[in-house]
Amino acid sequence: MTSLSSELLIDKTITFVKKELKNAEGGHDWFHIERVYKNAMHILKTEEANHLVVALGALLHDIADSKFHDGDETIGPKKATEFLISENVSSTTIQHIVQIIKNISFKGGNTTQKFHSKELDIVQDADRLDALGAIGIARTFNYGGFKNRTIYNPEIKPNATMSPEAYKASNAPTINHFYEKLLLLKDRMNTETGKRIAAERHVFMKTFLQQFYAEWEGKK
C-alpha cells in the first residue's frame, strides 16, 4: 500500500470512528481516540514499527468497548474487521489490528497478556497514557459519574489482584480505581517514551491523591 493510499485509509478510518462514537461516554469518545492516536504517533518517532498498523490500531482500539456492550469483547474486533475488509485491507494487517484490539485493555492486576508485538506495545502505551495524569483523573471521575459510583468510601478497600471477571464486574468507589489500575500502569509501560511520560503523569496523580485525602479529612 502506497503512502498516499495509506493516508486516505487513515482519513476514512477517522471518519468511520467519529461516526461510530458520536454519542459515546465522554472518556471513551472520539477525543479519547484522537489523543491515543497522537500519543501513538509521538511514541512511533522513537520506535521501529509498522506505521499503518499502529495508526489503524490506535484509531480502532475502542471502536466498541466491551464496557458499553454488556461485557461483550467480540463486537469491537468484528466492527473493525468489517470496516477494514470494506476498505480492501490485507488479511495480515486486519489480523494484527484485531489482536491489538483484543489485547490492548487492562483487565485487572492478575492478568497475563498472551499476544505481543511492537505495534501493540506502542498502541497500548498510547492508550495507557490517556489513563494517566490530569486527563486520566478526569476520565476516571467522568466514568465513575456515568456509572453512578461512590467517589470514595474508606471502608471499601482496593483490590489490585482481581481476576478479569472480578475486575469487569467491580462497582467499587472511583478512588479505588487509582490503586486497582491507574497507579499500576507506570511499571507496565512497554516503550522508553511511554515510560518517561507515564512517570511524569504518575507523580501528578500521587499529588492529586494527597490533596484529595487532605481535603476529605478537612485538613486543607
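Residues numbered from 1 in each chain as written. Predicted model: local features only at pLDDT ≥ 70, side-chain atom pairs only at ≥ 80, totals over all residues. Heavy atoms only, no water.

A.B. asks: Which residues make up the packing of helix 3 (residues 51-60) against helix 5 (residues 91-103), and what are the values?
C.D. replies: For the pair helix 3 and helix 5, the least separation of the axes is 9 Å and the interaxial angle reads 45°. Between helix 3 and helix 5, the crossing angle belongs to the class labelled oblique. Taken as a pair, helix 3 and helix 5 cross one another with a handedness that is right-handed. Of the residues in helix 5, those touching helix 3 at Val53, Leu56, Gly57 and Leu60 are Thr93, His96, Ile97, Ile100 and Ile101. When the residues that make up the contact of helix 3 with helix 5 are grouped by side-chain class, the tally is 6 nonpolar, 3 polar and no charged. (Axes fitted to C-alpha atoms, helices over the stretch in contact; angles between N-to-C directions. Helix = DSSP H or I, 4+ residues; strand = E, 2+ residues; numbered from the N terminus. Parallel < 35°, antiparallel > 145°, perpendicular 65-115°, else oblique. Left-handed = near helix turned anticlockwise from the far one by under 90°. Contact = heavy atoms within 4.5 Å. Nonpolar A, V, L, I, M, F, W, Y, C, P; charged D, E, K, R; others polar.)

A.B. asks: Residues and numbers for the pattern of salt bridges, please.
C.D. replies: For the structure on display, the rule yields 8 salt bridges. When the shortest N-O distance is used, the salt bridge between Lys79 and Glu20 registers 2.8 Å. Of this pair, Lys79 sits in helix 4 (residues 75-86) while Glu20 is found in helix 1 (residues 3-20), placing the two residues 59 residues apart along the sequence. By relative accessible area, Lys79 is classed as partly exposed at 27%. Classification of Glu20 by relative accessible area gives partly exposed; the value is 33%. (Salt bridge = Lys/Arg side-chain N within 4 Å of Asp/Glu carboxyl O. Buried < 20%, exposed > 50% of the residue type's maximum accessible area, 1.4 Å probe, protein only.)

A.B. asks: Which residues make up the nonpolar core, and what values go with them?
C.D. replies: Ranked by size, the top nonpolar core spans 57 residues in total, and within it Ile10, Val17, Leu60, Leu84 and Phe178 carry the most contacts. At the level of secondary structure, the elements contributing two or more residues to this core comprise helix 1, helix 2 (30-44), helix 3, helix 4, helix 5, helix 6 (118-129), helix 9 (174-180) and helix 10 (192-216). Each residue touching Val17, except ones within four places of it in the same chain, is listed here: Trp30, Ile33, Leu59, Leu60 and Ile63. (Core = buried A, V, L, I, M, F, W, Y, C linked by side-chain atoms within 4.5 Å.)

A.B. asks: Requested: an account of the packing of aromatic side chains, with residues and values cited.
C.D. replies: Describing an aromatic ring pair means giving the distance of the ring centres and the angle of the ring planes. One pass over the full model with this rule turns up 11 aromatic pairs. Geometrically, the ring pair formed by Tyr152 and Trp216 is edge-to-face, given 4.7 Å between the ring centres and 80° between the ring planes. Here Tyr152 is found in the loop between helix 7 (133-146) and helix 8 (164-169), whereas its partner Trp216 is found in helix 10, with 64 residues between them in sequence. Tyr152 gets classed as buried once you look at its relative accessible area, which sits at 18%. Centre to centre, the rings of Phe208 and Phe212 are 6.2 Å apart; their planes meet at 40°, and the pair counts as tilted. Remark: Phe212 and Phe208 occur in helix 10; sequence separation between them is 4 residues, near one turn of the helix. Judged by relative accessible area, which is 14%, Phe212 ranks as buried. Feature note: the residues Phe141, Tyr152, Phe178, Phe208, Phe212, Tyr213 and Trp216 constitute an aromatic cluster, connected by ring pairs. (Phe/Tyr/Trp six-rings, centres within 6.5 Å; stacked < 30°, edge-to-face > 60°.)

Read these as layout, nothing more, since geometry by itself doesn't imply function.
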